[in-house]
Amino acid sequence: MILLNDFKRQWEDQRESLQTAFETVGSSGWYILGSELRGFEEALARYWEMQYCVGVSSGLDAIELGLRILGCKAGDYVLTTPVSAYATTLAIIKLGAVPVFVDTDRYGLLDLDRCAHTLEQRPEISFLLPVHLYGNALNLDKLSALRARFGCRIVEDCAQSIGARFEGRNTGTVGGLAATSFYPTKNLGAMGDGGAILTNSSEHDARARVLRDYGQEGKYRHGENGYNSRLDELQAALLRRALLPALPGWTARRRHIAARYLSEICHPWVRGLGPPPGSDSCWHLFPVLVPPHKKSLFMSYLRNNEVSSGEHYPTPIPSQRALQGVAHLILDGCETANEICRSEVSLPIHPYLTEAEVSHVIEVVNAWGD
Ligand SMILES: *Cc1c(COP(=O)(O)O)cnc(C)c1O
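Thresholds, definitions, all that
- Residues numbered from 1 in each chain as written.
- Predicted model: local features only at pLDDT ≥ 70, side-chain atom pairs only at ≥ 80, totals over all residues.
- Heavy atoms only, no water.
- Core = buried A, V, L, I, M, F, W, Y, C linked by side-chain atoms within 4.5 Å.
- Buried < 20%, exposed > 50% of the residue type's maximum accessible area, 1.4 Å probe, protein only.
- Helix = DSSP H or I, 4+ residues; strand = E, 2+ residues; numbered from the N terminus.
- Contact = heavy atoms within 4.5 Å.
- Near = heavy atom within 4 Å.
- Polar contact = N/O pair within 3.5 Å; in protein donor to acceptor, adjacent residues only side chain to side chain.
- Areas by Shrake-Rupley, 256 points an atom, 1.4 Å probe, with all protein chains shown as cover.
- Nonpolar A, V, L, I, M, F, W, Y, C, P; charged D, E, K, R; others polar.
- Pairing = 2+ DSSP bridges.
- Axes fitted to C-alpha atoms, helices over the stretch in contact; angles between N-to-C directions.
- Phe/Tyr/Trp six-rings, centres within 6.5 Å; stacked < 30°, edge-to-face > 60°.

A. Local environment of the nonpolar core. By size, the foremost hydrophobic cluster in this structure holds 37 residues, and its most contacted members are Leu79, Cys115, Leu128 and Leu146. Elements with a contribution of two residues or more to this core: β3 (98-101), α5 (112-121), β4 (125-129), α6 (140-150) and α10 (335-343). The greatest single-element share of this core, amounting to 4 residues, is contributed by α5. Not counting chain neighbours up to four residues away, the residues in contact with cysteine 115 comprise Leu79, Val102, Leu110, Leu128 and Leu146. Listed in part, the 31 residues of the second largest apolar core include Phe40, Phe182, Ala242 and Trp250.

Here it is, written out as C-alpha cells:
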C-alpha cells in the first residue's frame, strides 16, 4: 500500500539523528524551556527569514495566541475561510470571537477579493485569519493591500505552508504574525504535537513568551492569564537536530513529485487543484477534483490498487455541528467552497515515495474507469 504519510520510512532514514537528539535532552537533565527550544526557535526563524520564533504546544495554540496578541477578544469579528482544518475556526471560537466566513476562490483558498468587498461593507470586522491551504501561497500582494487599506490585523495560518513562497516571499511575512504546526503529518512534523508563532515584532515575540507560560512575566509574577503551551525540549531537539535540517530536501522532493503529477496525470474526470498563479507551493497535499458523485468510487478504486488517498476537507467548516449554537456569520453561499469539499481527493505526495511509486500512482489514476 502506498501511504499518504510513511512515518516508518522516515524513522528508518532519520533514526540516528533522532536518537542523538533524544540523548542530548536526556543527558542535559533539562526538559522544558531550555537551550534546545532556543536553538530550534533561532533555526526556524532563520529558515523562515523572520526575526522571531516562539515554540508552542500546537498549531491551534499558535493561532489562538497569535490572535490574542494582536488584540482579538470576545465579540470581535474574524474573517476566515470555510475550507481548512477545523482548528483554524476553533482558535477564534476559543477566544469568544466570532468567525465570519466568505467563499473561497477556485483553488480552495480564501477569496481575497471577496474579503476586500466584505471589509468595505463591514468596518466592524478588524481581524483576518487566512490559510495558505494545501501548501499553496495566497497572493501576498493582495493580502498586504488588505492590511494597508483596512488596517485589519492578520494572523496567517501557515500550518500547511512552511517553505511555500509567493513571488519569492515566504508565506507568513505580511500579516502581524504567522502560526504554524508540527503535527506529525505536516511538512515539518514532530514526533508528537507542537507549533510555533513567527513574527518580526519584538513586542509580539515577548508577549508570546509570556502567554505560553501561564502569563508569567518573571518568576511567579503573573500580569495576565496565559496558557500552558510550551514546546518541550524533546520535540524541539528532534526538530532542530534531525527534522528541520531535512526539510529543504523534503520540500524539493515534494516539488519534484508534484511536477510529475502535474505533467503526467491526464484523465478527463481528474482535475488538478492549483497551484494558483504566483504560488511556489510546498505541496503539503496534492489535491485533485473529481465529479462529486464519483468521489467515493475513485477513492475505493485507488485503495483497491494500493494507493491511499485523503479528503481535505469533506465538510465545509460552517456546516460543522460544533458551530451550531456558537456565534458566527456566513456572508455568502460559500458555493465554490461547498463544491470543492464535495469533489476534492488528496493523492500521496510525501517525500519518501519512490519514483516507481509515483509512476504507479500516475498509472492507476490514468487508468481509472477502464
Ligand atoms: C493542522 C492544522 C492546524 C492545527 O494544528 P495542530 O498542531 O494540529 O493544532 C491549523 N490549521 C491548519 C490549516 C492545519 O492544517
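Still to come is the rest of the account.
B. Quick peek at the site of the ligand. Neighbouring the ligand are 16 residues, the closest being Gly59, Leu60, Asp157, Ser181 and Lys186. A distance of 2.7 Å separates a nitrogen atom of the ligand from a polar side-chain atom of aspartate 157. A distance of 3.0 Å is found between an oxygen atom of the ligand and a side-chain nitrogen or oxygen belonging to lysine 186. For the ligand, the protein covers 89% of the area, taking 380 Å² as the surface of the free molecule. At the level of elements, α3 (59-69) and α4 (86-94) are the ones that each hand at least two residues to the shell around the ligand. For the shell around the ligand, the per-class residue count stands at 7 nonpolar, 7 polar and 2 charged.

C. Local environment of the sheet that holds strand β14 (residues 286-289). The 3 strands are arranged β12-β14-β16 in an open sheet whose pairing can be described as antiparallel. A single partner strand is all that each edge strand has here, and the edge strands are β12 (271-272) and β16 (344-347). Note that β12 and β14 share 2 bridges and pair antiparallel. Bridged to arginine 271 within β14 is leucine 289.

D. Examining the sheet that holds strand β1 (residues 52-56) more closely. Reading across the sheet, the 8 strands line up as β1-β9-β8-β5-β4-β2-β3-β15 and stay open at both edges, with mixed pairing between neighbours. The sheet terminates laterally at β1 and β15 (329-330), the two strands that pair on one side only. Against the sheet, α3 touches β1, β2 (77-80), β4, β5 (153-157), β8 (177-181) and β9 (195-199), its axis set at about 165 degrees to β8.

E. Spotlight on the packing of aromatic side chains. Counting across every chain of the model gives 6 aromatic pairs. Ring geometry for tryptophan 250 and tyrosine 352: centres 6.2 Å apart, planes at 70 degrees, overall edge-to-face. You can see tryptophan 250 sitting in helix α8 (residues 233-264) and its partner tyrosine 352 sitting in the loop between β16 and α11 (355-366), a full 102 residues away along the chain. Summarising the burial analysis for this pair, tryptophan 250 and tyrosine 352 share the class buried.

F. Summary view of the pairing of β16. Residue alternation in β16 divides its side chains into two sets, Glu344 and Ser346 and Val345 and Leu347, and both sets are buried. Note: β14 against β16, 4 bridges, orientation antiparallel. From the neighbouring strand, valine 288 faces β16, where its bridge partner is valine 345.

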